[in-house]
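# Overview (structure and organization)
Here is how the chains run, residue by residue.
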2 protein chains.
Amino acid sequence: MARQKPRTLSGFMELLPEKQVQFDRMMELLRRSYSLYGFTPLDTPIIEASEVLLAKGGGETEKQMYRFTKGDTDLSLRFDLTVPLAKYVALHYADLSFPFRRFQIGKVYRGERAQRGRFREFYQADIDVIGDGKLDIVNEAEIPSIIYNTFTALGLRRFQIRVNNRKILNGFYAMLDLTDKAAHIMRTVDKLDKIGPDQVRQLLMDEEIGLTQKSADEILTLISIKGSNGEVLSALNGYRGRNEMFDQGLDELTTVVNYLSAFGVPEDHFAVDLTIARGLDYYTGTVYETTMLDHPEIGSICSGGRYDNLAEYYTDKQLPGVGISIGLTRLFFVLEDQGYLNNQMNTAPADALILPMTEDLAPAIAAATTLRQAGIRAQLYTEQKKFKQKMSYADKIGVPYVVFLGEDEVRQGAVSIKDMSTGEQQTISLDGAVTLIQSEIARRANVAPIREPGDPAHT
Amino acid sequence: MARQKPRTLSGFMELLPEKQVQFDRMMELLRRSYSLYGFTPLDTPIIEASEVLLAKGGGETEKQMYRFTKGDTDLSLRFDLTVPLAKYVALHYADLSFPFRRFQIGKVYRGERAQRGRFREFYQADIDVIGDGKLDIVNEAEIPSIIYNTFTALGLRRFQIRVNNRKILNGFYAMLDLTDKAAHIMRTVDKLDKIGPDQVRQLLMDEEIGLTQKSADEILTLISIKGSNGEVLSALNGYRGRNEMFDQGLDELTTVVNYLSAFGVPEDHFAVDLTIARGLDYYTGTVYETTMLDHPEIGSICSGGRYDNLAEYYTDKQLPGVGISIGLTRLFFVLEDQGYLNNQMNTAPADALILPMTEDLAPAIAAATTLRQAGIRAQLYTEQKKFKQKMSYADKIGVPYVVFLGEDEVRQGAVSIKDMSTGEQQTISLDGAVTLIQSEIARRANVAPIREPGDPAHT
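Residues numbered from 1 in each chain as written. Chains lettered and ligands numbered in written order. Predicted model: local features only at pLDDT ≥ 70, side-chain atom pairs only at ≥ 80, totals over all residues. Heavy atoms only, no water.

## What to know about the overall build of chain A
The helix and strand tally for chain A stands at 16 helices and 16 strands. Its C-alpha atoms give chain A principal-axis dimensions of roughly 90 × 60 × 45 Å. Counting all 459 residues of chain A, 58% fall into the buried class. Summarising the internal contacts of chain A: among those between residues at least 6 apart in sequence, 68% fall at separations of at least 24. (Helix = DSSP H or I, 4+ residues; strand = E, 2+ residues; numbered from the N terminus. Buried < 20%, exposed > 50% of the residue type's maximum accessible area, 1.4 Å probe, protein only. Contact = heavy atoms within 4.5 Å.)

Written out as structure tokens, the structure is:
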């Protein structure tokens, strides 16, 4: 027979079983964390009509889209979860209650040039709160708490949530009469971390933007404001009274900071950072980035912000909202690459492997049934192999316990159970085995999928 | 602004939030049920190279495929989870341990003519056990137990797992010297339920197949064997000794039936059914179908079987296996359509809605944080609305409890909590509220997503 070489497309993540268990565990913890904040799960099609996905207009996105026709229909694969959300809310508006809080974890597609750590198919994990006409600022203040608790649940410790408010930036540029240049300035300021303040000042004064020395200095003074949250807010207060939008942004930022401790966010995981702008048109209020302290080069692992009009391309309803997104596939790639995946997790397909040693398999099968009824993941191994091969299989799949049922055990109504980590073996009642395995499951129940290098205590 | 009418493509399921919660709960229970049997979760790309997906050759499937080019690459969306599994096992063979047991729940794509209850994008929920060279019959005997426990966990009661063995059929047709006509005969026999025995006999004797009266009678005699499992096996034993393959199939079927009770499958949920054939080339041993007793017209809701060569189009390794598949999207559609979704489930996005009644929101935020730390899904509602509108929102999202924090409560260090189902309201400590809400969560924890009409007791 002519054979086709099996292959997986480049830019598409396909994990081996142990890694998949860790990835799935991360998704499960995200679902749980988002649910604790009252977000409801949503699922939308991966394929949409191209005219619907492109309602906002093309640009870079359009070039990267997977677009094709089927019959007479012009179809595209979604490139994010925000456009489908806008469509969903506009389409089902009458059936939804606002504020509408949803999370969605799903695959999106972008035909980027494939390179290490870049994916063409990847999971995004998004939450959004959508208001009908209005949306209270407390929703923006709650987001850092969601980010903090989500990453903490995953096992990450050394990260920081960085927050700014677009109204502060826009108001400030209005003060300087630079509103028409604001977009260009923000793109330049965004390079601060990479090229330093002197080069930023130079770029701002170059022909293309053409600021005066005074304006450039004013901008660098603002974005150089550093210190504790209190110190930054206090410095910003010095600009009050000169622009209404600035003052409103500062009020909002102050509210976000003030409620941090009630929301349970430790101050050391949070910073006001005036250099953060997050794109140009879409966001209108609080903006968020999250960085790993030991890997700033990775960029933001969770970003988002407040916007005023989710679905203006589909409906005349004003739908303001706030949302954040985690690029889960890339995050997982980085975590694995940097040695952050926790090898204390049980990634075996089962908690116990049952090896029958008798002709009649009924007692072993009944034992498996009992374990499963007790919530224990039990695999029955009945292949005709040598004992050594069976134990080698148990070892390879990483199962914590092997349960043997030989003639003696069956006669005694007992099982022999081997702890694969210690090598200890004992013959005990089936109930005893259930208790033993359950205690091991309980011990590992809270093992987080992420473990930072050099953090031995943390499970 | 010119607006694009929002729409979702026909043939693509998009659920409202309450229904999505029920769908997600079904997926969660499937993951849990499959895991109990030692299956590991797998995820493969939705897009594959067309030549890889089409390695087996085209036919009906090819016409339905979503196929397109991106750059120079000929791509297709997967149309099932079996071909990607075959590719995965062939590609990662050296890294896997056999038997390899995986489950996969994911979307697949078929460009069928859209009609009510037919979907172009739909979830399949598959399990497969893949052996390396050989695979023990006990794996086939275990499948009915997985089907039984999975549907029981979902809340279904009145269903039956129907089992046959292809070796019995092939052996029987060999006895009658009809091997070359076996495929044609099986397609005809498959119509028994619809057209009855007389018409089947007529079709078998018609020119196209051209059986003798005697052969047609023999076939009808075999497939008309009915009764308890013991009675059917006993009748089949009467054919023993005439064909080796038949005898082997009967041995296998006997093994499957014999281990049923050890696997915990009640006899009334299982039947040997000699009319089941499940396609023609692929399956080689035990075959399975599952029918809803009160809705036989829906056809099988979970099917599969034993095959000898999973990945022959990709590798010269012999990889026998056994697997089953649930068409989850269609099943969900049918369940909803027939009134099988359990309205006792809590489909609200939260367990408690927190309504602050004070200027300073810190106490309400702190209360929300406490609830969340106790594992309670808590939504904070801070929109500027009239009290009546807030309560109407609580009612619409179906939240079980509303927690109020007014000046009095804050002063007393208490909360007022309203049970939305009884209308009862009380002022208690926050700890008391936590206990109350947790007990309601515990009460509903085992509410199944499916509830059969006329089955009031069952939760």
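## Concerning the packing of helix α6 (residues 166-175) of chain A against helix α11 (residues 244-258) of chain A
How two helices pack is summed up by the angle between their axes together with the distance between the axes. Residues and elements named next belong to chain A. Closest axis-to-axis distance for the α6/α11 pair is 7 Å, and the angle between their directions is 155°. What the angle tells us is that α6 and α11 run roughly antiparallel. Like other packed secondary-structure pairs, α6 and α11 cross with a definite hand, here left-handed. Here Lys167, Ile168, Asn170, Gly171, Phe172 and Met175 of α6 lie close against α11, whose contacting residues are Met245, Phe246, Gln248, Gly249, Leu250, Glu252 and Leu253. Classifying every residue of the contact of α6 with α11 gives seven nonpolar, four polar and two charged. (Axes fitted to C-alpha atoms, helices over the stretch in contact; angles between N-to-C directions. Parallel < 35°, antiparallel > 145°, perpendicular 65-115°, else oblique. Left-handed = near helix turned anticlockwise from the far one by under 90°. Nonpolar A, V, L, I, M, F, W, Y, C, P; charged D, E, K, R; others polar.)

## Some details on the sheet that holds strand β2 (residues 47-49) of chain B
All names here are of chain B. In spatial order, the strands read β2-β4-β3; together these three strands make up an open sheet with antiparallel pairing. Looking at which strands have only one partner, the edges of the open sheet turn out to be β2 and β3 (67-70). Each neighbouring strand pair of the sheet contributes to a mean axis angle of 40°, computed without reference to strand direction. One ladder, built from four bridges, connects β3 with strand β4 (residues 73-77); its direction is antiparallel. For arginine 67, the partnering residue across the bridge sits in β4 and is serine 76. (Pairing = 2+ DSSP bridges.)

## What to know about the interface of chain B and chain A
Each partner contributes residues to the interface: chain B has 101 residues there, and chain A has 100 residues. Counting the contacts that link chain B with chain A gives eight salt bridges. Among the ionic pairs, lysine 107 of chain A bridges to aspartate 43 of chain B, the shortest N-O distance being 3.2 Å. Applying the counting criterion to the chain B and chain A interface returns 52 residue pairs in polar contact (both at pLDDT 80 or more). Here the element with the most residues in the side of chain B that touches chain A is helix α1 (residues 17-36) of chain B; it accounts for seven residues. (Salt bridge = Lys/Arg side-chain N within 4 Å of Asp/Glu carboxyl O. Polar contact = N/O pair within 3.5 Å; in protein donor to acceptor, adjacent residues only side chain to side chain.)

## What about helix α13 (residues 362-373) of chain B?
Between its first and last C-alpha, α13 of chain B extends 16 Å over 12 residues, near the 16 Å set by a 1.5 Å rise per residue. For α13 of chain B, the secondary structure elements touched by its buried residues are α1 (17-36) and α5 (138-154) of chain A together with β12 (352-356), β13 (378-380), β14 (401-405) and α16 (430-444) of chain B. Of the residues flanking the end of α13 of chain B, it is glycine 375 of chain B, one or two places downstream, whose phi is positive at about 80°. (Expected span 1.5 Å × (residues − 1).)

## Some remarks on the packing of aromatic side chains
Enumeration according to the criterion identifies 35 aromatic pairs over all chains in this entry. Aromatic pair phenylalanine 172 of chain A and tyrosine 173 of chain A: ring centres 5.7 Å apart, planes at 65°, arrangement edge-to-face. Accessibility assignment for this pair places phenylalanine 172 of chain A and tyrosine 173 of chain A in one class, buried. A centroid spacing of 5.8 Å and a plane angle of 45° characterise the contact between tyrosine 239 of chain A and phenylalanine 246 of chain A, whose relative ring orientation is tilted. Comparing tyrosine 239 of chain A with phenylalanine 246 of chain A shows no difference in burial state: the two are buried. Site record: aromatic cluster; members linked through ring pairs are Tyr66, Phe68 and Tyr109 of chain A together with Tyr66, Phe68 and Tyr109 of chain B. In this structure, lysine 70 of chain B packs its charged tip against the face of tyrosine 66 of chain A, placed 5.2 Å from the ring centre. Lying over the aromatic face of phenylalanine 39 of chain B, arginine 101 of chain B brings its terminal NZ or CZ to 4.5 Å of the ring centre. (Phe/Tyr/Trp six-rings, centres within 6.5 Å; stacked < 30°, edge-to-face > 60°. Lys NZ or Arg CZ within 6 Å of the ring centre and 35° of its normal.)

## A few points about the pattern of salt bridges
The full count for this structure, using the stated rule, is 54 salt bridges over all chains. We note a salt bridge from aspartate 308 of chain A to arginine 306 of chain A, for which the minimum N-O separation is 3.3 Å. Each of the salt bridges in this network shares a partner with another, and the network as a whole consists of Glu14 of chain A together with Glu48 and Lys87 of chain B.

## Some points on the pairing of strand β7 (residues 159-165) of chain B
Remark: a regular strand shows side chains that alternate across the two faces of the sheet. All names here are of chain B. Burial analysis of β7 places six of its seven residues in the buried class, which makes it a mostly covered element. As judged from the three bridges shared by β7 and strand β8 (residues 270-272), these two strands associate in the parallel manner. Paired with valine 163 across the two strands is valine 272, which belongs to β8.

## Some words on the relation of the copies chain B and chain A
With an RMSD of 0.1 Å, the fit of chain B onto chain A corresponds to turning through 180° and sliding 0.0 Å along the axis. Look at the turn and shift together and you get a two-fold axis relating the two. Considering only C-alpha atoms, the residue of chain B closest to the rotation axis is phenylalanine 68 of chain B, which sits at 3.0 Å. By residue overlap, the copies meet face to face through one surface: 99% of the interface positions of chain B are interface positions in chain A. (Least-squares fit on C-alpha atoms with pLDDT ≥ 70 in both.)

## Overview of the sheet that holds strand β7 (residues 159-165) of chain A
Through backbone hydrogen bonds, the strands of a sheet pair up, either in parallel or in antiparallel fashion. Residues and elements named next belong to chain A. An order of β1-β5-β6-β11-β10-β9-β7-β8 is seen for the eight strands of this open sheet, with the pairing classed as mixed. At either end of the open sheet lies a strand with only one pairing partner, and these are β1 (40-41) and β8 (270-272). Examined bridge by bridge, β7 and strand β9 (residues 283-292) share seven bridges and lie antiparallel to one another. Bridged to glutamine 160 within β9 is threonine 291. Where α11 meets the sheet, its contacts fall on β7, β8 and β9, and the angle it forms with β7 comes to roughly 155°.

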